[in-house]
Amino acid sequence: MVLGVSYTKMICLLLFAAVLCSSCQSFMTKYHVTNNRIPPTNQHLRSTPPSTSSSSSSSNSENLFTSIPVPTTTGTTKKKKLKTYQRYLEVECWKRSELRSLEPVLKSVASACKQISRIVQRAQTDDLYGSAGGDVNVQGEEQQKLDVVCNTIFLRAFCGCGDAIAAVASEEEDFVRKCSDVMGDMAFEVGDYVAVFDPIDGSKNIEASLPVGTVFGIYKATAGTDPDEDTFLQTGNRMVVAGYCLYSATTMLVLTLGSGVDGFTLDPDIGVFLHTHPDIRIPGSGPIYAFNEANFHDYSDPVKRFLDALKSGSSSIGKRSSARYVGALVADAHNVLINGGVYGYPATNANPKGKLRLLYESNPMAMIMEQAGGAGSTGTGRILDMRPTEIHERVPTFLGSIENVFELDQFHTYYGGDDTENGGSS
């Protein structure tokens with residue numbers, strides 16, 4: 001009998017152990033437990049009594065977090081098969097012989113954008129943010145360290161890549177500079193083109209980790225002439241190339257060679273721009289408006305009426321628009337380019353001619369918008385038709401979907417007066 005009882009107890013214990021193991025296995029499978037540890041959910045952490053030993057607490061905490069299964073992407077991430085920026089340039093410049101001398105220039109621009117992208121990411125940690133020692137540029141604005149560094153990068157990018165660019169004009173420089181002066185070598189004096197650029201638009205955004213950008217354009221120089229300021233005083237219609245780099249969640253290079261707009265995204269794994277946005281087309285109209293509404297009461301009456309129509313839903317779009325304003329031209333204009341809508345920096349009482357520079361900012365962005373099927377206007381006329389009278393001239397600027405910009409121009413026609421360009425209100 002004793003042997004029978006012992007045998008019966010043994011069978012029961014084995015059955016209990018089997019059920020217990022099965023339950024434990026189900027629990028571990030359900031909650032993804034690894035290494036026989038329960039993952040540190042809030043419930044588990046609340047039920048764990050505080051440790052009296054700091055070393056023990058640290059060890060327990062480390063064990064809890066190391067027990068969480070970490071997903072891996074090795075062998076699971078599949079890259080898209082995309083054309084590189086370099087290949088795109090090779091094909092486009094081969095098709096259009098007049099652009100072949102600009103191929104090394106545009107490759108150099110991409111390299112400069114990659115440099116600035118890295119610098120922007122390190123601006124805080126490498127002490128690249130803040131004032132550049134109290135220096136003031138021609139617009140009376142205090143220069144930032146980042147402005148000076150990025151300006152130098154783009155000066156050398158345009159001038160040091162061959163014999164295509166003869167002179168440059170930068171938003172950060174007081175005067176036009178010949179490439180022979182930039183490079184310190186007379187061998188760089190020749191060239192059939194001149195370049196304009198704003199090296200870092202919205203640099204103050206970096207302190208808050210917001211997007212910034214670079215804007216550039218290339219003009220044909222008059223053959224056989226020594227480039228000077230007059231060489232740059234051309235209408236935007238004569239621009240050959242325009243583009244911008246956006247430094248944000250991704251780094252993008254958007255470019256037009258006068259036959260459409262293409263976008264390239266920097267792949268951080270291989271350090272190469274890839275053709276992610278072929279033939280960008282802006283929607284005919286869009287629900288986004290990007291204006292600094294802090295200046296609303298300083299805007300002209302047509303602009304205020306237009307914004308009221310957008311906000312009330314009584315505009316031609318037929319629905320209420322959404323405000324999206326970052327405070328950097330490149331970021332705001334890019335959002336409008338992709339999603340449709342209108343970007344505006346009108347004239348105000350403080351800036352009766354607007355704040356954006358015709359040569360470095362308004363003309364290149366207007367060319368991009370038009371090539372993508374949109375429009376660029378001063379409110380009373382096409383931006384690209386304006387002839388600058390000096391290299392730092394400012395102009396009211398409206399960019400975006402053709403229906404939105406056309407409607408804004410109509411508001412200027414119907415409600416405008418003598419003060420339309422002066423930022424006054426009726």
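Details of the structure are given in the entry above.
Residues numbered from 1 in each chain as written. Predicted model: local features only at pLDDT ≥ 70, side-chain atom pairs only at ≥ 80, totals over all residues. Heavy atoms only, no water.

Caption draft 1: Quick look at the side chain of Ser117. Note on placement: Ser117 falls in helix H5 (residues 103-121). Look at Ser117 and you get buried, because its relative accessible area is 5%. In this view, Ser117 contacts Tyr247, Thr251 and Leu266; residues no more than four positions away in its chain are not counted. (Helix = DSSP H or I, 4+ residues; strand = E, 2+ residues; numbered from the N terminus. Buried < 20%, exposed > 50% of the residue type's maximum accessible area, 1.4 Å probe, protein only. Contact = heavy atoms within 4.5 Å.)

Caption draft 2: Layout of the pairing of strand E5 (residues 193-201). Among the nine residues that make up E5, nine are buried, leaving the element largely enclosed by the rest of the structure. Sheet topology places E5 next to strand E6 (residues 212-220); seven bridges connect them, and they run antiparallel. Paired with Ala195 across the strands is Ile218, a residue of E6. (Pairing = 2+ DSSP bridges.)

Caption draft 3: Inspection of a negative patch on the surface at higher detail. On the surface, Asp228, Glu229, Asp230 and Glu390 cluster together to form a negatively charged patch. Residue Glu390 is classed as partly exposed on the basis of its relative accessible area of 33%. (Patch = residues over 30% accessible without salt bridge, like charges linked within 9 Å, V, L, I, M, F, W, Y side chains within 5 Å. Areas by Shrake-Rupley, 256 points an atom, 1.4 Å probe, with all protein chains shown as cover. Salt bridge = Lys/Arg side-chain N within 4 Å of Asp/Glu carboxyl O. Lys, Arg positive; Asp, Glu negative; His and termini not counted. Charge placed at Lys NZ, Arg CZ, Asp CG, Glu CD.)

Caption draft 4: Geometry of the packing of aromatic side chains. With the rule as written, the count across this model stands at twelve aromatic pairs. An angle of 50 degrees between the planes, with centres 6.5 Å apart, marks the rings of Tyr289 and Phe291 as tilted. Judged by relative accessible area, Tyr289 falls into the buried class, the value being 4%. With a relative accessible area of 3%, Phe291 lands in the buried category. For the ring pair Phe291 and Phe398, a centre distance of 6.1 Å and an interplane angle of 35 degrees mean the geometry is tilted. Pair noted here: Phe291 is in the loop between strand E11 (288-290) and helix H9 (301-312) and Phe398 is in strand E15 (residues 397-400), with a separation of 107 residues, a long-range link. A network of ring pairs unites the aromatic residues Tyr85, Tyr88, Phe264 and Phe273 as a single cluster. The lysine or arginine in question, Lys220, covers the ring of Tyr193, its NZ or CZ lying 4.7 Å from the ring centre. Positioned over the ring face of Tyr415 is Arg305, at 4.2 Å from the centre of the ring. (Phe/Tyr/Trp six-rings, centres within 6.5 Å; stacked < 30°, edge-to-face > 60°. Lys NZ or Arg CZ within 6 Å of the ring centre and 35° of its normal.)

Caption draft 5: Geometry of the state of the cysteines. For the coordinates displayed, the defined rule picks out two disulfides. A sulfur-sulfur distance of 1.8 Å marks the disulfide that ties Cys113 to Cys245. Across the S-S bond of Cys113 and Cys245 the torsion is about 65 degrees, and the bridge reads as right-handed. Within this pair, whereas Cys113 is found in helix H5, its partner Cys245 is found in strand E7 (residues 239-247), the two being separated by 132 residues in sequence. Residue Cys113 shares its accessibility class with Cys245, and that shared class is buried. The partner cysteine of Cys159 in its disulfide is Cys179, sulfur to sulfur 2.2 Å. Between Cys159 and Cys179 the sulfur-sulfur dihedral comes to about -70 degrees; the bridge is accordingly left-handed. Of the two residues, Cys159 is situated in helix H6 (residues 145-159) and Cys179 in helix H7 (residues 179-183); the sequence distance between them amounts to 20 residues. Just as Cys159 is buried, Cys179 falls in that class too. Across the protein, the disulfide pattern expressed with sequentially numbered bonded cysteines is 1-4, 2-3. Note on Cys161: no disulfide assigned, nearest cysteine sulfur contributed by Cys159 at a separation of 8.0 Å. (Disulfide = S-S within 2.5 Å.)

Purely spatial values, then, with no claim about function.
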